[in-house]
Amino acid sequence: MPAAAHPLTLPLLAGARRALAKAITLVESTRPEHEAQAQALLSEVLPRAGRSVRIGLTGVPGVGKSTFIEALGVRLADAGHRVAVLAVDPSSARTGGSIMGDKTRMPRLTVHPNAFIRPSPSGGTLGGVARRTRESITLCEAAGFDVILVETVGVGQSETQVAAMTDLFLLLTLPNAGDELQGIKRGIMELADVCVVNKADVSPQAAVRAQTELRTALTLLTPHDAPWRPVALRASALTGEGLDAVWATVEAYRAAVNLLEKRQRQAAQWFDELLREAAWRAFQAGLDGAQLQALRADVAAGRLTAVQGVAALLGGPAPTPRS
């Protein structure tokens, strides 16, 4: 391998967790000089990425996401897997930092030699994931982690973006889910590859009912020509019940779905998303601020339609505002 341009490259590729933590801090930085360094590092380690299974996990508050991740993660790490957890916390409105402290809720996994946990503030980013989570996944894979678990903030309409960067989307629910199913966004259900009724030990009969209801809902929401039929399972992070079945389902999913093709689609979508952001920033930089404010005021006051205002801003014929 030629000499590395970035000092973090070689220790990162050697699997050093300290180097991985520093690399993620670098890609999360908003300073322009750090962004350039981060892209240089990513370019060097990219050939070693892509050799993991990426699992997104979400669920309503109180469903036990962190406890479930720790139980599953310890099980996999004990079996020889290298497990990386990217736990995206809500951001503090005052400091911008993480406020839930996921590492304190995963004490066994935190100290496991085959595990790495990185809580990151969401920064208010839609989708329930940090802006640089995709780059963090690449870095974890380059460091040799073969199971990447992305824990999202919680269930919400914008939460579904996590599916655009992971191989498998896992939704955790609770027993007594008759009413709960009504509160889960349909968009989340449509994206779920696996649903797990967690805390099944609390009320076994209720867990069975919830599993049945989930199976029915998933059957109705899944297209007939889909390469994978979503699965509903029961598990208990406390007792370990069902965790082996969860992992077996992950393995079955990997065998059934063309992950290379899926990741290629995701990469293209990500490119388009970043292109739109960059184009909008460039467009804003060249705008006449006074014209923008005047057109916005005309639209807000009902003197112009939004379409007319945008057309004028893009150089179309100047509309005549209604009085």
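Our subject is the structure that appears above.
Residues numbered from 1 in each chain as written. Predicted model: local features only at pLDDT ≥ 70, side-chain atom pairs only at ≥ 80, totals over all residues. Heavy atoms only, no water.

Caption draft 1: Here's a closer look at the side chain of T58. Relative to the elements of secondary structure, T58 occurs in strand β1 (residues 53-59). There is a polar contact of 2.9 Å between the side chain of T58 and the side chain of T152. (Helix = DSSP H or I, 4+ residues; strand = E, 2+ residues; numbered from the N terminus. Polar contact = N/O pair within 3.5 Å; in protein donor to acceptor, adjacent residues only side chain to side chain.)

Caption draft 2: Representation of the environment of L172 in the model. Within the secondary structure, L172 is located in strand β5 (residues 168-173). Taking the C-alpha atoms as reference points, L172 and F68, separated by 104 residues in sequence, lie 9.0 Å from one another. If near-sequence neighbours (up to four positions away) are discounted, L172 is found in contact with T58, G59, V60, V63, G64, K65, F68, V196 and N198. (Contact = heavy atoms within 4.5 Å.)

Caption draft 3: Just the packing of helix α3 (residues 32-45) against helix α6 (residues 133-142), in detail. Contact geometry for α3 and α6: axes closest at 10 Å, N-to-C directions at 45°. Judged by the angle between their axes, α3 and α6 are oblique. Both α3 and α6 take part in a crossing whose hand is left-handed. Residues Q39, L41, L42 and V45 of α3 form the contact with α6, whose participating residues are E135, T138, L139 and A142. (Axes fitted to C-alpha atoms, helices over the stretch in contact; angles between N-to-C directions. Parallel < 35°, antiparallel > 145°, perpendicular 65-115°, else oblique. Left-handed = near helix turned anticlockwise from the far one by under 90°.)

Caption draft 4: Seen up close, helix α4 (residues 65-78). Relative to the 20 Å expected for 14 residues at 1.5 Å per residue, α4 spans 20 Å between its end C-alpha atoms, a close match to the ideal helical length. When you tally the buried positions in α4, you get 11 out of 14 residues, the bulk of the element. Looking only at α4, the buried set comprises K65, S66, F68, I69, E70, A71, L72, G73, V74, L76 and A77. A positive backbone phi angle near 105° is found at G80, which sits one or two residues after α4. (Expected span 1.5 Å × (residues − 1). Buried < 20%, exposed > 50% of the residue type's maximum accessible area, 1.4 Å probe, protein only.)

Caption draft 5: Seen up close, α6. The element α6 is largely enclosed, with a buried count of 10 among its 10 residues. Looking only at α6, the buried set comprises T133, R134, E135, S136, I137, T138, L139, C140, E141 and A142. Among the residues trailing α6, G144 stands out with phi positive, at a value near 100°.

Caption draft 6: Here's a closer look at the environment of A256. Position of A256 among the secondary structure elements: in helix α10 (residues 243-256). Taking the C-alpha atoms as reference, A256 lies 6.8 Å from P227; in sequence the two are 29 residues apart. If near-sequence neighbours (up to four positions away) are discounted, A256 is found in contact with P227 and W228.

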